[in-house]
Structure formats: structure tokens, C-alpha cells
Amino acid sequence: MIPTVPKKKLLTLSSISFGVIFLCYIFYQQIHSAEEFRKEALEASIPNVSVVSPEPPNPLETITLPGTVRAWYEAVIYAQVPGYVKMWYKDYGAEVNEGDVLARIKVPALDAEYAQAEADLDSQKAKYKLAAVTADRYLALRSSHAVSEQSISVAVADKNSEEAKMKSAEKNVDKYKARINFKTIVAPFKGVVIQRNINVGDYVTQEGNIDDSKTPSNLFTVADIHKMRLFVSVPGTFAYLLKPGLTAELTVQQFPNRKFVANFLTISKGFDLNMRTVIAEFTIDNKDRSLWPGSYAQVTLTAPVKKDLLTIPSSSLVFDENGTQVATVTQDNKVHFKPITVNKIIDSVIEVRDGVSTSDRIVNNPSASLLEGDQVKVVEPRTGYSDMNISKKEGSKLEPVASK
């Protein structure tokens, strides 16, 4: 006969068994949680980094600079004789041909001096004529010995002297005639009047027009605009781009949606000591005369270049007592610092002459706490972020989404 266990004792044994099982489960959970926590702590101790690879630079070098558009020829016209403006005939924007009259100047004193010079010439011609007749008569009497040789020599010398004085008077008349011609201001070449600084009655001198402000100014400016010149101050680092065959694109403020093409003409071959720039000159066809002298231009220069260089983002640079370096990630995901030689900084991109290769994995935006040999985890930035411009536009840090 099977002995029976009291119901109370059975409940006690069941409770004890359940308690033991529960304690074992709790113990197991604690051990498992501790292991998970240890793994998470270990994983969290390894910093996450994003990497970039060096890339060859753009085969086209492009730079945008300010420029000035000037006329092909530009003549600033001043008066050559002092006087009062009698009349002007060409206004701003007038089309003129070579020799067209721009203005006339009234110079009464000069007219009087010219008349006096002509009168002096007439007087000197008469004196010369008398001396020539006297000398000829004395020479005719030489054979009869009616006059002495001394008298003949004196008569011939007087003739030569009066002839020289007459020629001098003729030159004096020519001088005043030339000055009289300056009373008429004419266009030096075919072009456009871009300045008129006189009015009827203004007093003008060789220094220009003297108005109420007493500040001399030129009378007219005439520009030949069938072709234009473009002047650009180019930094020395880009001077190697300037060579025959180079073209430039430019825009001006009055035509913001239109692009003009300029062809390289020459270079100054000397640097400005203050700005360290070189003046480059380009030519622009202006058949429709849409470009105006003095226009401010935005000039874009683009030229093919060959460079044995690599580019990296500027955010990957490390500066310390060892100089300029980059933090690279080895095959076993450890940090290794490499010194580099920087060729040029272009905005957010650095041109590197040596120190890295295209196979290197360079830490982008490395933390200051990274040390040589540190273990790291390579992660990718979120979609929409650029490795070359770490959070520059978004203003936030990259966040890892997956490990490699």
C-alpha cells in the first residue's frame, strides 16, 4: 500500500521547488545582464568614426574674380588754349566719327595775337623784298666798280638776315595757326561720347573746365567700344592659368542673365607689391555695343590642369606639435597618424602634395581624444549628410547607423 503524503507537506515541497527555480532564473538573468552590460560597455568604449578616401583634384581649375571692363580706346580730351566755350555739339552717348566737331572755344586774345603775327610777317616780307632788291643792284654794279666790295657784302648780308627774319615770322604765324585750330575740339577717332563736362560760357584751360566748384575736369571723353578690354587682378597662385587660348566668362550688373566671353590677350608679367596680384588683360567683341566702359564684372576663369595631387576635406586635418597630420584607419581598425604636405587650401577642400594615397581611410572630423593605436569603429553618416562637409550646412554631428 503506497503511503500518502499529506497535502500540507506537498504544498510545502512545491513551494520550495518553485522558489529554487525562481532563484536560479534570477541568478541566470543577472549573469546574462552583466555579460550584456559588459559587452555594451566595451563596445561603447570604442569611438565611432566616419572615414573618407583621398581623391584626385578636379581636372578643371575654376576661379571667380572681379574685373573691370574698359573701352578699346578711350580719349580724355582737354582744351589746349584758354577761353570760353562758344558752343558744344555732341552730348552724352553721341556717335561720332574721327574729326567730328565736339565744341568750339572763343579766344579773343589768341585771335588778336594771330592777327599781329600775320601783320609782322607782312612787314618782314616787305623788309626782305627791299633787302633783296638792294643786294641785287649792288651785285649788278660790281663789274663797273661803282660800289665797294664792302657795301656789296653788307647788302648781301642784310638780304640773308631779312630772309631769316621772314622765315621766323612765318613759323610764328604757323604756331598761332596751330593754336587757332585748337579752338575747335574734334573727336580723335570713331566712337561714343561717354562724358561731356562743359556748357556754353564755361571758362576752360589746358587743365580742363573750371566750374563753380573750382575743380578742373576734362571737356569730353570719347570711347571706341566696338571691342572692349577686360582687366582682372589675378592672385599669384593662379597666375599659371594665364596663357594664350584661355577664355573667361563674365557677367555685368546691367545684364545679370547674360554671359559674355573674353579671350586672353596679355599679362603684365609683374606682381602688385601690395596685393600680390598680376593684371591680366582680355578682349571682348562688342558688336552690339551692349557693354559699357567702366562696367564691374564677375569673371570666371576655367582652365584644364594636370596635378599629381590628392584632395581631402579640410575637416580631416590634425594640428599638433608634430605638424600637419591626418588620422588614418588601418586594416584592423586602429588609428595611425600620418604627416602630410599641404599644397593649397580651396574652401573646404585641401590639396595634399604627399603623405597619403587613394587607398587610405582618413578619419573625417577626428576627435581630439584620438591617440595613436586606438581601436575605432568605422561607421557611415546618415543619408543626406556629406562626408566632405561634415554637418557644415545642417549644423549637427553625424550619427552612426551601421558598423562595418
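Because the structure is predicted, anything quoted here is derived from the model rather than measured.

Engineer: Tell me what's going on with the sheet that holds strand 17 (residues 310-313), and back it up with residues and numbers.
Structural biologist: Read across the sheet, three strands follow the order 17-22-21 without closing on themselves; strand pairing throughout is antiparallel. Looking along the sheet, the strands with just one partner apiece sit at the ends: strand 17 and strand 21 (341-346). For this sheet the average axis-to-axis angle between neighbouring strands, irrespective of direction, equals 35°. In the sheet, strand 17 pairs with strand 22 (residues 349-354) via four bridges, with the strands oriented antiparallel. Residue pairing for strand 22: Thr311 is matched across the bridge by Glu351.

Engineer: Please give an account of the packing of aromatic side chains that cites residues and values.
Structural biologist: Taken as a whole, this structure holds five aromatic pairs when the rule is applied. Relative to Phe189, the ring of Tyr73 lies with its centre 6.0 Å away and its plane at 50°, an arrangement referred to as tilted. Residue Tyr73 is located in strand 3 (residues 60-77), and its partner Phe189 is located in the loop between strand 7 (184-186) and strand 8 (191-196); the two are separated by 116 residues in the primary sequence. A relative accessible area of 44% places Tyr73 in the partly exposed class. Put simply, the rings of Trp72, Tyr73 and Phe189 touch in pairs and so form one group of aromatic residues. Lying across the ring of Trp72, Lys227 places its NZ or CZ 5.2 Å from the centre.

Engineer: Residues and numbers for helix 3 (residues 149-181), please.
Structural biologist: With 33 residues, helix 3 should reach 48 Å at 1.5 Å per residue; the first-to-last C-alpha distance of 48 Å fits that figure. Burial in helix 3 covers these residues: Ile152, Ala155, Glu162, Met166, Ala169, Val173, Tyr176 and Ile180. Looking at the buried positions of helix 3, the neighbouring elements they touch are helix 2 (108-140) and strand 7.

Engineer: Lay out the pairing of strand 4 (residues 83-88) with the relevant residues and their values.
Structural biologist: Two faces, one strand: in a regular strand the side chains alternate between the faces of the sheet. The pairing of strand 4 with strand 9 (residues 203-205) spans two bridges and is classified as antiparallel. The residue of strand 9 that forms the bridge with Tyr84 is Tyr203.

Engineer: Tell me about the nonpolar core, residues and numbers included.
Structural biologist: Counting 32 residues, the largest nonpolar core has Leu230, Val234, Leu242, Leu250, Phe282 and Leu301 as its most contacted members. In terms of residue count, the dominant contributor to this core is strand 12 (residues 220-235) (six residues). Ignoring any residue separated from it by four or fewer positions in sequence, one finds Phe282 in contact with Met228, Arg229, Leu230, Val232, Leu242, Leu246, Ala248, Ala262, Asn263, Phe264, Leu265 and Leu301. Listed in part, the 29 residues of the second largest apolar core include Ile77, Ala79, Val96 and Ala117.

Parameters and conventions
Residues numbered from 1 in each chain as written. Predicted model: local features only at pLDDT ≥ 70, side-chain atom pairs only at ≥ 80, totals over all residues. Heavy atoms only, no water. Pairing = 2+ DSSP bridges. Helix = DSSP H or I, 4+ residues; strand = E, 2+ residues; numbered from the N terminus. Axes fitted to C-alpha atoms, helices over the stretch in contact; angles between N-to-C directions. Phe/Tyr/Trp six-rings, centres within 6.5 Å; stacked < 30°, edge-to-face > 60°. Buried < 20%, exposed > 50% of the residue type's maximum accessible area, 1.4 Å probe, protein only. Lys NZ or Arg CZ within 6 Å of the ring centre and 35° of its normal. Expected span 1.5 Å × (residues − 1). Contact = heavy atoms within 4.5 Å. Core = buried A, V, L, I, M, F, W, Y, C linked by side-chain atoms within 4.5 Å.

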